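The primary structure of each chain is shown beneath.
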Amino acid sequence: MIRKTALAPPLVAGPTPQSKMTNPLVVIEPRKGLFELDLAAVWQYRELVYFLVWRDVKVRYKQTALGAAWVILQPLMTMAIFTVIFSYFAKIPSDGLPYPVFAYAALLPWNYFSQALSRSGNSMIGNAHLITKVYFPRLIIPLASTFTPAVDLLVSVVPLLGLMIWYGVSPTRGVLVLPLFLLLALVTALSVGLWLSPIHVRYHDVGYVTPFLIQLWMYASPVIYPVSLVPEHWRLLYSFNPMAGVIEGFRWALLGKQSPDFAVMAVSAALVVALLLAGLVFFKHMESSFADIV
Amino acid sequence: MSAIAIRVESISKQYKIGVRKYRHDTLRDQLMDGLRSLFRHNGRPQRAGDTIWALKDVSFEVKQGEVIGIIGANGAGKSTLLKILSRITEPTSGRAEIYGRVGSLLEVGTGFDRELTGRENIYLNGAILGMTKREIDRKFDEIVAFSGVEKFIETPIKRYSSGMYVRLAFAVAAHLEPEILIVDEVLAVGDAAFQKKCLGKMQEVAGRGRTVLFVSHNLGAVQNLCERVLVLSHGQMEYLGNTYQGINAYLGTTTVSGNGYVDLSSHPARWPGCLPLLTAVRLLDASGTPKGRFLTGETMRIELTFDPVIPIDHPKFGIGVEDCLGARVFSLTTDLSPSVLPPLRDPCQIICHIQELPLTPGRYTLSLSAGTFENGLMDALGHAVAFDVELGDFFGTGKTEANLGRVLVKSLWERTER
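Residues numbered from 1 in each chain as written. Chains lettered and ligands numbered in written order. Predicted model: local features only at pLDDT ≥ 70, side-chain atom pairs only at ≥ 80, totals over all residues.

1. Considerations on the confidence of the model for chain A
Thinking step 1. Taken residue by residue, chain A gives an average pLDDT of 87. The fraction at 70 or more is 91%.
Thinking step 2. Throughout residues 1-21 of chain A the model reports pLDDT below 50, and contacts reaching past four residues in sequence, or to other chains, amount to 30 contacts. (pLDDT = per-residue confidence, 0-100. Contact = placed C-beta atoms within 7 Å.)

2. Details of the packing of helix H8 (residues 178-202) of chain A against helix H12 (residues 262-287) of chain A
Think of two packed helices as two axes; the pair is described by the angle between the axes and how far apart they sit.
All names here are of chain A.
Thinking step 1. At a minimum axis distance of 8 Å, the contact between H8 and H12 shows a crossing angle of 30°. Classified by the interaxial angle, the pair formed by H8 and H12 is roughly parallel. The two elements H8 and H12 cross, and the hand of that crossing is left-handed. The residues of H12 that touch H8, namely those facing Leu 184, Val 187, Thr 188, Leu 190, Ser 191, Leu 194, Trp 195 and Pro 198, are Ala 269, Val 272, Leu 275, Leu 276, Gly 279, Leu 280, Phe 282, Phe 283 and Met 286.
Thinking step 2. When its residues are assigned to classes, the contact of H8 with H12 shows 14 nonpolar, three polar and no charged. (Axes fitted to C-alpha atoms, helices over the stretch in contact; angles between N-to-C directions. Helix = DSSP H or I, 4+ residues; strand = E, 2+ residues; numbered from the N terminus. Parallel < 35°, antiparallel > 145°, perpendicular 65-115°, else oblique. Left-handed = near helix turned anticlockwise from the far one by under 90°. Nonpolar A, V, L, I, M, F, W, Y, C, P; charged D, E, K, R; others polar.)

3. Thoughts on the interface of chain B and chain A
Thinking step 1. If you look at the interface, chain B gives 40 residues, while chain A gives 34 residues.
Thinking step 2. Taken together, the elements giving at least two residues each to the side of chain B that touches chain A come down to strand S1 (4-16), helix H2 (27-37), helix H3 (78-85), strand S4 (93-98) and helix H4 (118-128) of chain B.
Thinking step 3. Partitioned by chemical class, the residues of the side of chain B that touches chain A number 18 nonpolar, 10 polar and 12 charged.
Thinking step 4. Note that strand S2 (residues 26-28) of chain A and S4 of chain B share three bridges and pair antiparallel. From the neighbouring strand, Ile 28 of chain A faces S4 of chain B, where its bridge partner is Ala 96 of chain B. (Pairing = 2+ DSSP bridges.)

4. Some remarks on the sheet that holds strand S12 (residues 293-295) of chain B
Residues and elements named next belong to chain B.
Thinking step 1. The strand order across the open sheet built from five strands is S12-S18-S17-S14-S15, with neighbouring strands paired in mixed fashion. Where the open sheet ends on each side, the last strands, each with one partner, are S12 and strand S15 (328-333). Here the strands of the sheet are splayed against their neighbours by 30° on average, with no regard to which way each runs.
Thinking step 2. One ladder, built from 10 bridges, connects strand S17 (residues 362-372) with strand S18 (residues 376-390); its direction is antiparallel. Residue pairing for S18: Leu 368 is matched across the bridge by Leu 381.

Set out below in structure tokens:
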């Protein structure tokens, strides 16, 4: 365990430093405590989060002919395919909303979430070259990788505005709480990522499991169908999926659909926070061995 | 008394070699293993054979403003020690206290992204090394000037030559301003002129009262920069103190001198990626007696045992003679010699004759290489064998003197009338 001592003297047993000496800035020793999260160090390195996000955004569409247009094209094409298959062919209802808008409003948070989850799950392996050569709080890596797709999300809001004008759908005042829904999606992705990425360092199986997990999760979320299609007696269990709340929240805020059950959402948010805290402890616990086994 | 910068107290680091060899790389293996180890009291491996101690019980102190060199053979634990002090990995036991901001440079260009431009990489790399954006803004022009790639600063670095890449990377690193600088073998890259520039920068850093921990195989650079050296051998501290003596101690541990014979088949000084074609080296005198101690002016025969593995039509051999600081004194190569070796098919002995050893007294080492005209270098070992030279009658006059330099050359003198 490595501890930064800002003002307090080192909390470790051992020979006391000579009187004239100042306290060590850093003490390096094997980690003992389970709950030393050292979040202050993460805050100290906040600029690195910015630079890693900036790098990922910059590098992503280098050497592509269409460049950043892909950020918009991808959800639009997915929306078109969904509309053809699920609306025209399968006749899935969309609670009275035009299906393209209905799907696109869900694809915004869902694409963000699936990107954030897969990126953070792979993040430690993807940045192995940094982990073995430089010190910084390792938490920075999954953190930065959940922020990166948020940039895409912001850009892909633009075509939604066009769609809403085209179909004559107007947003509600709920738009103001949209950032909270996004935050919930971010924290959910991060807390799962905190579990997946350390395991991934040790077992590359995670690289195969994650896409499958994301696919399952999409079917368990109201991306292509409305919640009203879920049988009544499953509804409560279903809404504990935080992404169900997030997607319903987006549709409510943007399209004026019936609001999600905020009480249930609060419970699922609390579960996510618990998962996040446990994930932090787990991540910190695994952190010390990253450089040795990655 | 100056203050302590780093205090290391019996630091040890154990690696599980099983993990390194991907024994538990899939979940299934681990589940099986997990079931077996369920009843063990903790996760630590029980059998000694599964682990190695990369560092064992290393303790030392570094004072503020001191420049310390860390030397040792490959696998001696140098990098592990630096990784622990840079907080990249944790020690298995022991502890270290660090008084000051640490900047560590275990590699140049960590985190460089090939798609980004030089400018963008300066910011990214700087941030990764721990600089703030304001700090980088302030030093940006200086970094660019130091790197000498001004013209290409807006070009993606994938279009850079490897030399430009290294120069840019080192330029960023050189502008870190930590109180304690930890440097691994980064000077081994780049051309001679740039290496000199880097060494100059390091000296400048050291001169400003910074503490520097410096790992290098370049013993000349170590001698030049460091006040003290720490010699590691098999994870343990072999010596700590005076640079000159430390370097001699190091050369004494890596090479078996005395009988002038070294088995090279699995020698730690073999370069990475080389085939073990040179399997042994033996030093003989004129009568064919192996020995590790020669007299100046004596005949020396260097006998290499060579196993070609595949038939070699045009073999090439090279022997470099280095002094106790690792500096090359002279080289002996088949390329430059009038001798022609026949094609080699089977294991054989290759013998190089030195008629009159021109070296002044001291400890020397030999670096060996073997290759072919077709394939180039196939095997190489640095400082593979050591030998001592004692004062002998080189000039055939019965007279000699100390402090004549490194090499003796016979000369004739005359006076001409004009």
